[in-house]
Amino acid sequence: SAARIRLHHRNYSRKSNIKERNLEVMKNILRRCLPFQALLPPRELGPAYAIPSYLRRNVRGSRGRAVTTEIDPEEPLSYGAAESDRTTQAEDVLNRPRGRRSVKKFLHNSATFQETSAQVPQFSDPFISGPYAQGTTVPSEVKAELKEDHEEDVRKLDPKTRTVIQFPGDGTQYLKMCGDPAKFPKHISVLYDIASGILGYDLVDLIMNGPAEKLDQTRYSQPAVLVSSLAALELLRDFDPPAVENCAASAGFGVGEISSLVLAGVLDFEDAVRFVKYRGEAMELAGEMVQSGMSLVIYGADSQLGPAMKYAEEWCKRQYRIENPVCSVAHYLFPHCKIIAGNVQALEFIEMNYKDFKLRKIKRLPARAAYHTELMQPAAEPLRHYLNNVTLNPSRISIYSNATGFNYFNEKQIRTNIVKQVYMPIKWEQILHAIYARSPKEGFPHSYECGPGKSLGQVFRMVNRKAYQQFNVVPPDFKLMPEPVEKVNQS
């Protein structure tokens, strides 16, 4: 009808006017604020640069409406940039392509997210009984043999009777973390002997005698953490067998994810050691290509960590002529705490100006490279090539991916995400929420950290204090275990 056509035309015109008005407001803001280096005098571009006050002003008012501040129109011209140049720069920023790839990257790096694919369950319950983890792709011949038993035995289990095992990652290593080799049980000594034969050096001697500088190198620390974590798992199996037998889910931080795959039976121990050997070497070589590092950031609700990283990248482009600088989140630890990584120049910029972005604290970590960022892309291809020749078995428990925050459902996901994990942020906070999310009436499982250090427990306590009450640390040192094997067997 004619009335409906007029109504549609009026609504369309109204939306067009709103869009044009918003575009003009954005241009006005960007003319004054982006890129900020064009507004500075040449003498102020040194290392001691501080962000001008007009760049720190809030440009977003109530209900998300943009707000412009009163600035003298002649002020930008006095800073050496023509009005036409700033207009062009603002339009370039507004007209950047925002395709599917940008949206996908945004969702991957978000702090909270949901899987929208109908083919993949969002949060598969790890406390469902069965011969394999829920959602795992099982070979047809195996499924035919277990079909009847599986259908009869599937039931909801009490989480209080189940366990969750966590494995630490690179950076938790320290000298003599495995204890006295003379007191190793025989089956643990075999683990270190097999790993030493694959690595080509005496792993126990390196852990016991160092030097510490060599042990801290990525190519040596990752195999050391892997084998020490699996040795701690075997100690837990000796001291408390039900803790391992009743394991319903597992997650590992960084290289600890490989330990989880060994626990689940997806990877053999020998293949895991070889893969971690290549992984450490590839990541170390990738880190040597660019001068980079990592920093711990504590922030608040009013902090501007995202803009700080964007400004840092822009600073690297304009001040140091770096073509593709990187400054992004590498680890999601717990609320208001993240680890960022990238070019050293970008980290130095944030360290100098962290108060301007309302960050509470920033501390440089002793990491040798920007792990779990795009700077690790060169290490992905050799690892992908190696995994193509490795046999992966169906998982017996739920294993959670660092790259997605969800548990694995098939072999293809494991082959893809275990490589992506090298250059994508570790979503540890999301993994903990996925495992321990439950109704108030349900209890929490017993959780164990198998490996050197106590870092995962400290993070776990900040994410879920109730679940942390059932948390225990299992070190690889035999002398630090609380009870002898005989008492556990008698009980």
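As a reminder, the structure under discussion sits directly above these lines.
Every value quoted in this text rests on a predicted model; they were computed, and no experiment measured them. For every chain, the first residue of the written sequence is number 1, and numbering continues from 1 along that sequence. Local features in a predicted model are, by the rule used here, given only for residues with pLDDT of at least 70; side-chain atom pairs are given and counted only at 80 or more, and totals for whole chains, interfaces and linings are based on all residues. Side-chain figures throughout are based on the complete set of non-hydrogen atoms in the structure, without hydrogens or water.

(A) Geometry of the pairing of strand 3 (residues 292-299). Buried residues dominate strand 3, accounting for six of its eight residues. Here a strand pair is declared whenever DSSP counts at least two bridges between the two strands. In this text, helices come from DSSP runs of H or I with a minimum length of four residues, and strands from runs of E with a minimum of two, each type numbered from the N-terminal end. Relative to strand 5 (residues 337-343), strand 3 runs antiparallel, the two being bridged by seven bridges. Residue pairing across strands places Leu-296 opposite Ile-339, the latter belonging to strand 5. With five bridges joining them, strand 3 and strand 6 (residues 359-364) adopt antiparallel strand pairing. In the strand pairing of strand 6, Tyr-299 is matched with Leu-359. Any residue under 20% of the maximum accessible area for its type is buried, any over 50% is exposed, and the rest in between are partly exposed; the area is computed with a 1.4 Å probe on protein chains only.

(B) Looking closely at the side chain of Asp-271. With respect to the secondary-structure elements, Asp-271 resides in helix 12 (residues 269-289). Residue classification places Asp-271 among the buried positions, given a relative accessible area of 18%. In what follows, a contact means two residues having at least one pair of non-hydrogen atoms within 4.5 Å. With sequence-adjacent residues up to four places away left out, Asp-271 is seen in contact with Tyr-386 and Val-390.

(C) Spotlight on the packing of aromatic side chains. Stacked, edge-to-face and tilted labels apply to pairs of Phe, Tyr and Trp rings (six-membered ring for Trp) whose centres lie within 6.5 Å, assigned for plane angles under 30 degrees, over 60, and everything in between, in that order. Taken as a whole, this structure holds 13 aromatic pairs when the rule is applied. On the numbers, 6.4 Å between centres and 75° between planes, the contact of Trp-315 with Tyr-320 is edge-to-face. Owing to a relative accessible area of 1%, Trp-315 belongs among the buried residues under this scheme. Here the aromatic residues Tyr-311, Trp-315, Tyr-320, Phe-349 and Phe-357 are joined through ring pairs into a cluster of three or more. By the criterion adopted, a ring carries a charge over it if an Arg CZ or a Lys NZ lies within 6 Å of its centre and within 35 degrees of its normal. The ring of Tyr-220 is capped by Lys-214, whose NZ or CZ atom sits 5.0 Å from the centre of that ring.

(D) Examining the nonpolar core more closely. Nonpolar cores were defined as sets of buried Ala, Val, Leu, Ile, Met, Phe, Trp, Tyr and Cys residues, with membership established by side-chain atoms within 4.5 Å. Core analysis: the biggest nonpolar cluster contains 99 residues, and Tyr-192, Ile-258, Trp-428 and Cys-450 have the highest contact counts within it. Counting residues per element, this core draws most heavily on helix 9 (residues 218-239), which supplies twelve residues.

(E) Highlighting the side chain of Ser-295. Residue placement: Ser-295 occurs in strand 3. Within the structure, the side chain of Ser-295 is placed 3.5 Å from the side chain of Arg-364, a separation counted as a polar contact. Under this definition, polar contacts are N or O atom pairs within 3.5 Å; protein pairs additionally need one hydrogen-donor-capable and one acceptor-capable atom, and for neighbouring residues in sequence, both atoms have to be side-chain atoms.

Nothing here speaks to function; it is all geometry.
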